[in-house]
Amino acid sequence: MTSYTSNELIAIADKVLLKSYAQQPIVMREGKGVELWDASGRRFLDMTAGISVCCLGHAHPRLASALTEQAARLLHVSNLYFIEQQILAAQAIVERCFADRVFFVNSGGEANEGALKLARRYQHLVAKQPERNTVVSTLGSFHGRTIATVSITGQDKYRAGFGPLFGPVEFVPYGDLDAAARILQTRQACAMILEPIQGEGGIVTPPPGYLAGLRELADETGTLLIFDEVQTGVARTGDWFAYQHDGVVPDVMTLAKGLGGGVPVGAVVASDKAAQGLSRIDGGAVPHASTFGGNPLACAAIVAVLQIIEEEGLVAHAAEVGRHLHDGLSALVAKYPGIAVESRGRGLLRGLALSRPAAPLMAKCRERGLLFSVAGGTVLRFAPALVVQKAHIDEALATLDDVLAEEAAP
Ligand code: PLP
């Protein structure tokens, strides 16, 4: 392969890539654990992990060899046949959560699309209430970039210019149980979808009792409750899934990001009852499908990721290092009260909320070799690999401290 410099590659990108992204001026070439190196050999400490994706860190040797072995054996056959790794991946997921059944896709947006189709068809064919077609979602949410998932995303900037959108959709304030009750009690909704912690919206945790209250409302009104755990799932928050902190079980959960450790995967997981919404009836038409969903390579990744998280004790590790991170961020909040407002989140999904846009601070950290992403405009998001050590967190906090000191200087 021709070896270009970073600047040469960025110049080529300028000509050949469709310019939708706001990419930072670095070309990544290699990673190991929580470190990344760009095409000119510069080292970065990675507190982003591909936006909550690379849960085992970069180039985990066991994940790499599981993928290499699978690639040498069988990459793809389609869902015309049973696939060994797909069955084992589904089993590994249902063993760790409320769900009875899994449908595999390739991304978070696709998982949410599947969940919406499941909810509509469940009300239509199982509950025999086809008029229940409204989807209830929350303000500040993020559910993906397909036309239906931008339509249920509660932030205008993602929807602008794409109309007419999928609907009907009703938005309610996140955390407001009364507002949810007013809509759900009309019994027009097929489902309510929400993130147990809003990620892209700015690492927003719900008030105590909110998820339990929604569960009660959903039961009372026959509405399916969908938890979008695309960002919060797979040990990110210090439990296998974020709903487990509250002990509130949804009917459907969507997963992606960390599930493949960097390999593009997604899943709709459901209780037996809810799964009827996407089940084939009496040898009839196939209600939902995906060419690549659940393919052998993707599922070999899922099996390896879940096994490695288990064997390396990364669920408890995420909780413990997450507490350390929270303590460090709280100290920065105390030290820079005019700039740093709050440490929020859970486990290793944490935000430092600022009193100003976070992008300039993110850029200053990047210049010092530290990578973050921004959530909700004013929140610096920490979502490092679950293998991150306290020493890495301390290194990141020290850099952030320097940048905040510079920011606070008169
Ligand atoms: N849902 C949530 C909660 C997300 O955070 C994201 C991505 O950030 C998505 C859905 C969309 O996932 P994808 O980009 O894989 O389609």
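Predicted, not measured: the structure shown is a model, and the values here were computed from it. (Residues numbered from 1 in each chain as written. Predicted model: local features only at pLDDT ≥ 70, side-chain atom pairs only at ≥ 80, totals over all residues. Heavy atoms only, no water.)

## Remarks on the state of the cysteines
As enumerated under the stated definition, the model contains zero disulfides in all. In this structure cysteine 365 is a free cysteine whose sulfur lies 20 Å from that of cysteine 54, the closest cysteine sulfur available. Residue cysteine 365 is classed as buried on the basis of its relative accessible area of 0%. (Disulfide = S-S within 2.5 Å. Buried < 20%, exposed > 50% of the residue type's maximum accessible area, 1.4 Å probe, protein only.)

## Some details on helix α13 (residues 314-335)
With 22 residues, α13 extends 31 Å from end C-alpha to end C-alpha; this agrees with the ideal 32 Å at 1.5 Å per step. Listed as buried for α13 are Leu314, Val315, His317, Ala318, Ala319, Val321, Gly322, Leu325, Gly328, Leu329, Leu332 and Val333. Summarising the contacts, the buried residues of α13 are in contact with α12 (296-311), β11 (340-346), β12 (349-354), β15 (379-382) and α15 (390-408). (Helix = DSSP H or I, 4+ residues; strand = E, 2+ residues; numbered from the N terminus. Expected span 1.5 Å × (residues − 1). Contact = heavy atoms within 4.5 Å.)

## Things to note about the site of the ligand
As a structural note, the neighbourhood of the ligand is formed by 13 residues, with Gly108, Gly109, Asp228, Gln231 and Lys257 the closest of them. Phenylalanine 142 is positioned such that a nitrogen or oxygen atom in its backbone is 3.4 Å from a nitrogen atom of the ligand. At 2.7 Å from a nitrogen atom of the ligand is found a side-chain nitrogen or oxygen belonging to aspartate 228. Here the ligand loses 81% of its free accessible area of 390 Å² to cover by the protein chains. Partitioning the shell around the ligand into residue classes produces two nonpolar, seven polar and four charged. (Near = heavy atom within 4 Å. Polar contact = N/O pair within 3.5 Å; in protein donor to acceptor, adjacent residues only side chain to side chain. Areas by Shrake-Rupley, 256 points an atom, 1.4 Å probe, with all protein chains shown as cover. Nonpolar A, V, L, I, M, F, W, Y, C, P; charged D, E, K, R; others polar.)

## Here's the deal with the layout of surface pockets
Counted as a void, the second largest pocket has a volume near 900 Å³. For the second largest pocket, the lining is made up of 28 residues, of which Asn79, Gln86, Val102, Phe103 and His288 are closest to its centre. Partitioning the lining of the second largest pocket into residue classes produces 19 nonpolar, six polar and three charged. (1 Å grid on protein atoms, 1.4 Å probe; cavity = no way out; pocket = protein on both sides within 12 Å on 5 of 7 lines; lining within 4 Å. Points joined across faces, edges and corners; volume = space filled by probe spheres on them.)

## What to know about the side chain of glutamine 85
Secondary-structure assignment places glutamine 85 in helix α4 (residues 84-94). Excluding anything up to four places from it in sequence, glutamine 85 contacts Gln70, Arg73, Pro296, Cys299, Ala300 and Val303.

## A few points about the environment of arginine 73
Within the fold, arginine 73 resides in helix α3 (residues 61-73). Its relative accessible area of 55% is what places arginine 73 among the exposed residues. Along the sequence, arginine 73 and leucine 297 sit 224 residues apart, while their C-alpha atoms lie 9.5 Å from each other.

## A look at helix α5 (residues 108-126)
Its 19 residues place the ends of α5 26 Å apart at the C-alpha level, agreeing with the 27 Å of an ideal helix rising 1.5 Å per residue. For α5, the capping residue at the N-terminal end is serine 107, with a side-chain oxygen 3.2 Å from the backbone nitrogen of glutamate 110. Once α5 ends, the next one or two residues include lysine 128, with phi positive near 55 degrees.

## Re a nonpolar patch on the surface
On the surface, a nonpolar cluster with roughly 350 Å² of combined accessible area is contributed by Tyr4, Ile12, Val16 and Leu17. Positionally, leucine 17 belongs in the loop between α1 (6-16) and β1 (28-32). When its relative accessible area of 46% is taken as the criterion, leucine 17 is described as partly exposed. (Patch = residues over 30% accessible without salt bridge, like charges linked within 9 Å, V, L, I, M, F, W, Y side chains within 5 Å. Salt bridge = Lys/Arg side-chain N within 4 Å of Asp/Glu carboxyl O.)

## Things to note about the pattern of salt bridges
According to the stated counting rule, one finds 17 salt bridges in the structure shown. Lysine 390 is the salt-bridge partner of glutamate 320, the closest N and O atoms lying 2.9 Å from each other. Linking glutamate 320 in helix α13 with lysine 390 in helix α15, this pair joins segments that are 70 residues apart in sequence. Taken together, the shared-partner salt bridges connect Arg356, Lys364, Arg368, Glu406 and Glu407 into one network.

## Topic: the sheet that holds strand β13 (residues 370-371)
Spatial ordering of the open sheet is given by β1-β2-β3-β13, a layout of four strands whose pairing is mixed. The open sheet is flanked by β1 and β13, the only strands paired with a single partner. Here α15 sits on the sheet in contact with β3 (43-46) and β13, set at roughly 105 degrees to β3. (Pairing = 2+ DSSP bridges. Axes fitted to C-alpha atoms, helices over the stretch in contact; angles between N-to-C directions.)

## Some details on the packing of aromatic side chains
The final tally for this structure, using the stated rule, is five aromatic pairs. An angle of 70 degrees between the planes, with centres 4.6 Å apart, marks the rings of phenylalanine 372 and phenylalanine 382 as edge-to-face. Taken together, the residues phenylalanine 372 in the loop between β13 and β14 (373-375) and phenylalanine 382 in strand β15 connect sequence positions ten residues apart. Since its relative accessible area comes to 3%, phenylalanine 372 is described here as buried. With relative accessibility at 0%, the residue phenylalanine 382 sits in the buried group. Among the aromatic residues, those joined into a ring-pair cluster are Phe98, Phe241 and Tyr243. Sitting over the ring of tryptophan 240, arginine 96 keeps its end group 4.9 Å from the ring centre. (Phe/Tyr/Trp six-rings, centres within 6.5 Å; stacked < 30°, edge-to-face > 60°. Lys NZ or Arg CZ within 6 Å of the ring centre and 35° of its normal.)

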